[in-house]
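# Chain and residue survey
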Amino acid sequence: MASGTDVMDRAAPAPDTPATGSPRRRWLVPLLLAAGWLLGVAWRMWLARHTTLPIAHTDEDSYLNTARALAGGPDGFSSENELLRRVGYPLLISPAFLGEHDFTTSYTLVKLINSLVNAALFPLAYLLARRLLRLDTAPALLAAAVAATLPATAFYADVAMIDAVMAPLVVAWLLAVHRWIERPGPLAAATVGLLVGAFHLLHSRGLVIVAVHVGLVLLLVVRRRVRPRAALAALLPVLALALVNWAVVRLLGDRVYLLGSNPGGGTVRAVASGPGLARLGAAVVTQLWYLVVVSFGLAGVAWATAVRELRRVERGPATRWTLGVALVSTVGVAAGASVILAGVTGKPSDAIYARYVQMLVPFWVLVGLAVVLTGGYRVVLRRVAVTAALLVLGAAVVAGRLAYVASQGHHLRYGGFSAPDLMALTGGWREFRPVTAALVGLAGCALLVAAARVPRLRVPLLVALVLVNVGSLEVIAQRLVRPMAASTAPTPPVADLGIRPGERVYASTGVSYILRFNLSHQVTWTDVRWFDDSPPAPADVVFARWAPGAADDWNGAAHGFVRLGGNARQHWAAWRRG
């Protein structure tokens with residue numbers, strides 16, 4: 001690794017093959033990348049062994065029901081709304097529902113699809129480290145391993161969540177942007193457009209990426225860096241995939257019925273005032289600050305470097321434009337997520353909800369590592385000073401926000417999917433600990449920089465980061481995933497109760513919604529609709545509340561049903577019409 005005055009001052013790396021062109025050496029890196037990807041898939045599936053039923057309700061339920069319907073299975077509900085509805089992820093996992101599988105098998109196949117895509121972050125991160133950041137082969141491989149094991153992204157391979165595929169897509173997109181600007185042409189432009197269209201097809205946060213993409217295309221045309229033909233090639237795939245989303249939604253029709261409401265005046269009212277803008281600003285700061293903490297300050301180092309690169313017009317444009325696109329996208333996603341969440345008025349606001357920005361952690365970790373490993377001593381110190389300021393000021397904003405809300409007699413939500421990696425790093429499983437988080441970020445950043453100054457410690461440093469990531473995910477599995485899986489899995493399984501395919505099954509709203517959804521998933525042959533008290537006439541089997549001695553205990557005998565079994569401690573029972 002060369003050491004210079006700044007991370008971008010170095011020449012492009014030498015090719016991976018030596019001058020001798022030995023076939024054995026020529027295939028070494030591809031073999032390592034393939035082996036790393038397969039190992040990553042196996043590791044993710046091992047982490048996912050605890051989850052046999054969904055734990056992230058109602059997001060998982062929505063994706064799984066839609067995927068099942070796309071595969072030709074029964075209808076189902078989705079918590080999405082018509083305006084922000086996306087079908088990309090259900091399309092990806094729909095093959096898991098082909099054939100006559102029980103739900104556990106289909107869910108395992110979904111996690112396998114997740115793992116295959118999520119583990120692709122390793123070879124993609126390596127390519128980014130080589131081509132954009134110009135790291136040598138060995139450090140690029142280790143840096144890629146750090147990025148691929150980050151809890152912010154690997155965690156989501158365990159569940160049926162769209163976030164499992166977002167981080168690899170971010171790295172692939174920014175790689176394509178760099179390639180397009182470096183070597184403009186219709187094919188490179190179309191590749192970028194296709195990846196941006198994939199964002200739009202997958203999730204509503206893709207709207208931010210689409211807006212950034214359109215702005216990039218317009219700027220490149222105005223600066224005469226690309227021709228109109230290439231600009232058109234960059235925009236048409238986005239439009240095409242938007243039409244695919246529209247077409248699939250229309251094809252589904254009412255088979256997947258929506259429970260969500262379109263964003264309306266509530267969103268505007270939530271932010272269109274002085275206090276509303278202050279709350280919005282605090283939420284954005286919280287998400288950006290989170291990125292700095294969980295990356296041990298590397299995101300802050302990367303941002304400081306990116307801002308510096310944008311001001312140095314003598315630099316090669318590909319790197320500057322790519323970093324600029326990444327910066328704008330990061331702020332845009334944080335702001336967009338905060339606006340949408342501010343409009344959800346039916347539940348308390350979140351102390352932190354990092355899910356939307358987590359897809360950006362690997363990219364900024366890679367950039368930060370490149371600076372720490374190869375930047376000059378003074379350059380790195382300046383970047384670290386900026387990072388320390390971000391950590392301290394961010395913690396002050398977060399602590400102030402928490403204190404203010406508490407003084408008003410309210411509380412902010414803080415749950416398992418808010419920021420599981422932050423919980424593991426700070427031990428804050430039940431409460432948000434901003435001061436502890438800032439100290440963790442500062443200590444981690446100081447250790448990284450100190451170790452990187454000693455050449456012989458650089459490889460152990462990267463290995464240590466991988467081990468920290470792996471250990472954090474194991475802690476998350478033990479403290480979060482396993483308890484959630486145990487508490488949300490209804491016992492006994494539906495199959496053990498003698499409920500047969502072909503029977504019409506309904507569920508009472510008296511059953512806790514988490515157990516109700518997980519009971520319904522096991523009924524793979526029909527859509528399980530809900531009822532309040534009196535079961536519908538067509539019902540052959542119902543799931544209802546079982547609370548012996550309580551006033552709301554459901555008496556199925558009064559409706560002509562016979563209890564098949566259930567779990568009184570979980571307050572549910574299955575009844576068949578007698």
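You'll find the structure just up there.
Our subject in this report is the structure included herewith. Keep in mind it's a predicted model, so treat the numbers as computed, not measured.

With that settled, the discussion passes to the overall build of the protein. Across its full length, the protein holds 22 helices and 7 strands. A compact globule built from 578 residues would reach a C-alpha radius of gyration of about 25 Å, and the protein, at 25 Å, matches this within 12%. When the backbone C-alpha atoms are referred to their principal axes, the protein occupies close to 80 × 55 × 50 Å. Per-residue burial for the protein yields a buried fraction of 55% across its 578 residues. As displayed, the protein has an accessible area near 24,100 Å², and 63% of this comes from carbon and sulfur atoms.

Looking now at the pattern of salt bridges. In the structure shown here, the tally under the stated rule is 12 salt bridges. Across the pair Asp 163 and Arg 355 runs a salt bridge, and its minimum N-O distance is 2.7 Å. Of this pair, Asp 163 sits in helix α9 (residues 163-182) while Arg 355 sits in the loop between α16 (317-342) and α17 (361-374); the two residues are 192 residues apart in sequence, bridging distant segments of the chain. Comparing Asp 163 with Arg 355 shows no difference in burial state: the two are buried. Note that Arg 500 is salt-bridged to Glu 503, the shortest N-O span being 3.4 Å. Each of Asp 59, Asp 163, Arg 205 and Arg 355 takes part in one network of salt bridges that share partners.

The omega angle of the peptide bond from His 57 to Thr 58 is 5°, so this bond is cis rather than trans. As for its position among the elements, Thr 58 is in the loop between α2 (28-47) and α3 (59-70). Backbone geometry places Arg 134, a non-glycine residue, at a positive phi of 60°. Note on placement: Arg 134 falls in the loop between α6 (121-131) and α7 (137-148). On the accessibility criterion, Arg 134 (24% relative accessible area) is partly exposed. Positive phi values are uncommon outside glycine, yet Arg 224 reaches one of about 60°. Within the fold, Arg 224 resides in the loop between α11 (206-222) and α12 (228-252).

Moving on to the environment of Asp 496. Mapped onto the fold, Asp 496 is located in the loop between α21 (458-488) and β3 (505-508). Judged by relative accessible area, which is 59%, Asp 496 ranks as exposed. Here the alpha-carbon distance between Asp 496 and Gly 566, two residues 70 residues apart in the chain, equals 9.9 Å.

Attention shifts here to the sheet that holds β3. As summarised here, the arrangement of the 5 strands in space is β4-β3-β5-β7-β6, forming an open sheet in which the pairing is mixed. The two strands at the open ends of the sheet, each matched to only one other strand, are β4 (529-531) and β6 (561-567). The sheet shows a mean angle of 30° between the axes of neighbouring strands, taken without regard to direction. Summarising the sheet, β6 and strand β7 (residues 572-577) pair through 6 bridges and their orientation is antiparallel. From the neighbouring strand, Arg 563 faces β7, where its bridge partner is Trp 575.

Packed helix pairs are specified by the crossing angle of their axes together with the interaxial distance, meaning the distance between the axes. Contact geometry of α7 with α21 gives a least axis separation of 8 Å together with a crossing angle of 20°. Taken as axis vectors, α7 and α21 run roughly parallel relative to one another. Considering how the two elements wind past one another, α7 and α21 form a crossing that is left-handed. Of α21, the residues touching α7 (which contributes Pro 139, Leu 142, Ala 143, Ala 145 and Val 146) are Val 459, Leu 462, Val 463, Leu 465, Val 466 and Asn 469. Taken together, the residues of the contact of α7 with α21 sort by class into 10 nonpolar, 1 polar and no charged.

This paragraph deals with the packing of aromatic side chains. Tallying each qualifying case throughout the model produces 18 aromatic pairs. For the pair Phe 517 and Trp 530, a centre-to-centre distance of 5.8 Å together with 25° between the ring planes defines the contact as stacked. In this pair, Phe 517 sits in helix α22 (residues 513-521) while Trp 530 sits in strand β4, placing the two residues 13 residues apart along the sequence. Assessed through its relative accessible area of 6%, Phe 517 is described here as buried. Note on Trp 554 and Phe 561: the rings are 6.1 Å apart at their centroids and 65° apart in plane angle, and the pair reads as edge-to-face. The same class applies to Trp 554 and to Phe 561, which are both buried. Of the aromatic side chains, those joined through ring pairs into one cluster are Phe 77, Tyr 513, Phe 517 and Trp 530.

Looking now at α12. The α-helix winds at 3.6 residues per turn, so residues separated by three or four positions along the chain end up facing the same way. If you check α12, its first and last C-alpha atoms are 36 Å apart, about what 25 residues at 1.5 Å a residue would give, namely 36 Å. For α12, the complete set of buried residues consists of Ala 230, Ala 231, Ala 233, Ala 234, Pro 237, Val 238, Leu 241, Asn 245, Val 248, Val 249 and Leu 252. In this structure, the buried side of α12 is in contact with α3, α4 (88-93), α9, α10 (186-202), α11 and β2 (256-258). Where α12 terminates, the next one or two residues include Gly 253, which has phi positive at roughly 60°.

So, about the pairing of strand β5 (residues 541-544). Every regular strand shows the same layout, with side chains that alternate between the two sheet faces. The two faces of β5 match: Val 541 and Phe 543 on one face and Val 542 and Ala 544 on the other face are all buried. Inspection of the sheet shows β3 paired to β5 by 3 bridges, in the parallel sense. Bridged to Ala 507 within β5 is Phe 543.

Time to look at empty space enclosed by the protein. Evaluation of the coordinates by the stated rule reveals 4 cavities of 30 Å³ or more. The computed volume of the largest cavity comes to approximately 110 Å³. With 3 residues, α22 is the largest single contributor of residues to the lining of the largest cavity. Here the residues of the lining of the largest cavity are counted per class, giving 6 nonpolar, 5 polar and 3 charged. Taken as a whole, the second largest cavity encloses approximately 90 Å³ of empty space.

The terminal C-alpha atoms of α17 lie 20 Å apart, and with 14 residues this matches the ideal 20 Å at 1.5 Å per residue to within 8%. Counting buried positions over the 14 residues of α17 gives 14, a clear majority of the element.

What counts and how
- Residues numbered from 1 in each chain as written.
- Predicted model: local features only at pLDDT ≥ 70, side-chain atom pairs only at ≥ 80, totals over all residues.
- Heavy atoms only, no water.
- Helix = DSSP H or I, 4+ residues; strand = E, 2+ residues; numbered from the N terminus.
- Rg over C-alpha atoms; globule rule 2.2 N^0.38 Å.
- Buried < 20%, exposed > 50% of the residue type's maximum accessible area, 1.4 Å probe, protein only.
- Areas by Shrake-Rupley, 256 points an atom, 1.4 Å probe, with all protein chains shown as cover.
- Salt bridge = Lys/Arg side-chain N within 4 Å of Asp/Glu carboxyl O.
- Pairing = 2+ DSSP bridges.
- Axes fitted to C-alpha atoms, helices over the stretch in contact; angles between N-to-C directions.
- Parallel < 35°, antiparallel > 145°, perpendicular 65-115°, else oblique.
- Left-handed = near helix turned anticlockwise from the far one by under 90°.
- Contact = heavy atoms within 4.5 Å.
- Nonpolar A, V, L, I, M, F, W, Y, C, P; charged D, E, K, R; others polar.
- Phe/Tyr/Trp six-rings, centres within 6.5 Å; stacked < 30°, edge-to-face > 60°.
- Expected span 1.5 Å × (residues − 1).
- 1 Å grid on protein atoms, 1.4 Å probe; cavity = no way out; pocket = protein on both sides within 12 Å on 5 of 7 lines; lining within 4 Å.
- Points joined across faces, edges and corners; volume = space filled by probe spheres on them.

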